Amino acid sequence: MPQASTALSEYAAIYKSELLENVLPFWMAHSKDERNGGYFTSLNREGTVYDTDKFMWLQGREVWCFSYMYNHIERKPEWLNMALHGASFMEKWGRDANGDWYFSLTAEGKPLIQPYNIFSDCFATMAFASLSKASPNERYNRIALDTFQNILKRRSNSKGQYNKNYPGTRPLKNFSLPMILCNLALELEHLMGKAQVDAFIPEVIHEVMEVFYQPDLGLILENVYEDGSFCDSFEGRQLNPGHAIEAMWFVMDLGKRMNDDALIEKAVDIMLRTLEHGWDNEHEGIFYFLDVKGAPPLQLEWDQKLWWVHAEALVALAKGYAYTGDERCAAWFKKLHHYTWNHFRDPEFGEWFGYLTREGKILSPAKGGKWKGCFHIPRSLYQVWKTVETPKQN
């Protein structure tokens, strides 16, 4: 099988440099709350704090990020200390009496928004699972495993008592949780054991690749009926190109783990089809939301260009080429790299902008906020760097 290095190796050094010299230093310098613990994520372009609320899924993501970099790049004490700093705040203030993770807290740790959002739990699981590798501790193990079990219990109604939908009329399920579970299970393997993860993987692959994937469209939808059938409604017609593309690199990694070339090929095909469908031929970049029937999308921000969508697509394309040698992946990678680095990257202050207009103009100068933190950019930089890096010869 062709190595990605044959076409994309020149990109390894710049992705590595951007990660280690610009992006991680930005968060190290500006996000740490020395007074109360945890991290500030609402940071202006140059790193000043413009809001002090703390969002638990972003706290978990940053703990994961610095733990992961410590585990996979270099055991730098400052990275471990940064992860431990956030984890301490999470452990002290982040959960309710049932063990569910709040959505947001004050700077001091008082609850602001109830634990309606299961993704706070998902990223808490990732955080403590990764931290348990960096700094082995039975307490971290227990938090990760207990939270994961809570996620599985809540799968069929993730918002629980906070769910606003009337039961039974239009029973839809959403793609986001199955997508994340594809990746989350691998994060827990050192705690759950290989056998348990291997038993879990076919279930999430089935959800992603058969329930949400619509063969007649060749696309993955964001919401479907419980049996996987199409719902002709605003929600049912919704296509989120970024989610589908991100999920495909998770599936490619699972295919690689299982030596399943057919699964990898299918994931690459879906990824490329989604990218082609979601690409803005007039202004370039990937749309945020689309209606699969071409109707006006529900979301008014549908035509914005977002950081995470483009970052995750770069990873998917790099892996698609590395795993299959499909030249379409290499060509798309180069095209998307040019757009992404020319529009999202900030060469002056580090980190990347998050939101662009359809035309590619900066919509907000902020580097972080309620939804953007220390996660997608550093993770994608690392993944691309390691995927396209020329293998060292023994």
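So, here's what we can say about the structure. These numbers were taken from a predicted model, which means no experiment stands behind them. (Residues numbered from 1 in each chain as written. Predicted model: local features only at pLDDT ≥ 70, side-chain atom pairs only at ≥ 80, totals over all residues. Heavy atoms only, no water.)

Right, let's get into the overall build of the protein chain. What the protein chain contains, in helices and strands, is 14 helices and 13 strands. At 20 Å, the protein chain has a C-alpha radius of gyration in line with the 21 Å of a compact globule built from 394 residues. Structurally, the protein chain occupies a C-alpha span of about 55 × 50 × 45 Å along its principal axes. Within the protein chain, the fraction of its 394 residues that count as buried is 58%. (Helix = DSSP H or I, 4+ residues; strand = E, 2+ residues; numbered from the N terminus. Rg over C-alpha atoms; globule rule 2.2 N^0.38 Å. Buried < 20%, exposed > 50% of the residue type's maximum accessible area, 1.4 Å probe, protein only.)

To continue, consider the environment of Asp-53. Within the secondary structure, Asp-53 sits in the loop between strand S2 (49–51) and strand S3 (54–55). Taking the C-alpha atoms as reference points, Asp-53 and Tyr-39, separated by 14 residues in sequence, lie 9.3 Å from one another. Filtering out sequence-adjacent residues up to four positions away, Asp-53 remains in contact with Leu-105, Thr-106 and Leu-112. (Contact = heavy atoms within 4.5 Å.)

Another aspect to go through is the packing of helix H7 (residues 176–187) against helix H10 (residues 241–258). Put simply, H7 and H10 touch, their axes get as near as 10 Å, and they point 35° apart. For the pair H7 and H10, the crossing hand works out as left-handed. Residues Ser-176, Met-179, Cys-182, Asn-183 and Leu-186 of H7 pack against His-243, Glu-246, Ala-247, Phe-250, Val-251, Leu-254 and Arg-257 of H10. Broken down by class, the residue content of the contact of H7 with H10 amounts to 7 nonpolar, 3 polar and 2 charged. (Axes fitted to C-alpha atoms, helices over the stretch in contact; angles between N-to-C directions. Left-handed = near helix turned anticlockwise from the far one by under 90°. Nonpolar A, V, L, I, M, F, W, Y, C, P; charged D, E, K, R; others polar.)

A few words on the side chain of Ser-233. Considering the arrangement of structural elements, one finds Ser-233 in the loop between strand S9 (223–225) and strand S10 (238–239). Overall, Ser-233 belongs to the buried group, its relative accessible area being 5%.

What follows is about the sheet that holds strand S4 (residues 104–105). Across the sheet, which stays open at both edges, the 3 strands sit in the order S3-S4-S5 with antiparallel pairing between neighbours. Lying at the two open borders of the sheet, with one neighbouring strand each, are S3 and strand S5 (111–113). With 2 bridges joining them, S3 and S4 adopt antiparallel strand pairing. In the sheet register, Lys-54 faces S4, and the bridge partner there is Leu-105. (Pairing = 2+ DSSP bridges.)

All told, the structure shown has 27 aromatic pairs when counted by the stated rule. For the ring pair Phe-123 and Phe-375, a centre distance of 5.4 Å and an interplane angle of 70° mean the geometry is edge-to-face. With Phe-123 in helix H5 (residues 118–134) and Phe-375 in the loop between strand S13 (355–356) and helix H14 (376–388), the pair connects residues that are 252 residues apart, well separated along the chain. For the pair formed by Phe-123 and Phe-375, the shared burial category is buried. Each member of the aromatic cluster is reached from another via a ring pair, and the members are Phe-55, Trp-57, Trp-64, Tyr-68, Phe-103, Tyr-116, Phe-123, Trp-371, Phe-375, Tyr-382 and Trp-385. Above the ring of Phe-89, the side-chain terminus of Lys-54 is found at 4.4 Å from the ring centroid. (Phe/Tyr/Trp six-rings, centres within 6.5 Å; stacked < 30°, edge-to-face > 60°. Lys NZ or Arg CZ within 6 Å of the ring centre and 35° of its normal.)

In terms of nonpolar packing, the biggest core is built from 133 residues, with Met-248 and Met-271 touching the most fellow members. The biggest single contributor to this core is helix H12 (residues 307–324), with 13 residues. With residues near it in sequence (within four places) discarded, Met-248 still touches Val-208, Met-209, Ile-220, Ala-267, Ile-270 and Met-271. (Core = buried A, V, L, I, M, F, W, Y, C linked by side-chain atoms within 4.5 Å.)

Counted under the stated rule, the structure contains 0 disulfides. Considering cysteine sulfurs only, Cys-182 is the nearest to Cys-122, which forms no disulfide, with 12 Å between them. (Disulfide = S-S within 2.5 Å.)

This paragraph deals with the pattern of salt bridges. Scanning the entire structure with this criterion turns up 29 salt bridges. For Asp-146, the salt bridge identified is with Arg-142, shortest N-O distance 3.0 Å. Placement of the pair is Asp-146 and Arg-142 together in helix H6 (residues 138–153), with a separation of 4 residues, close to one helical turn. Judged by its relative accessible area of 37%, Asp-146 falls in the partly exposed class. Here Arg-142 falls in the partly exposed class, since its relative accessible area comes to 41%. For Arg-257, the salt bridge goes to Glu-189, with nearest N and O atoms at 2.6 Å. Of this pair, Arg-257 sits in helix H10 while Glu-189 sits in helix H8 (residues 189–192), and the two are 68 residues apart along the sequence. (Salt bridge = Lys/Arg side-chain N within 4 Å of Asp/Glu carboxyl O.)

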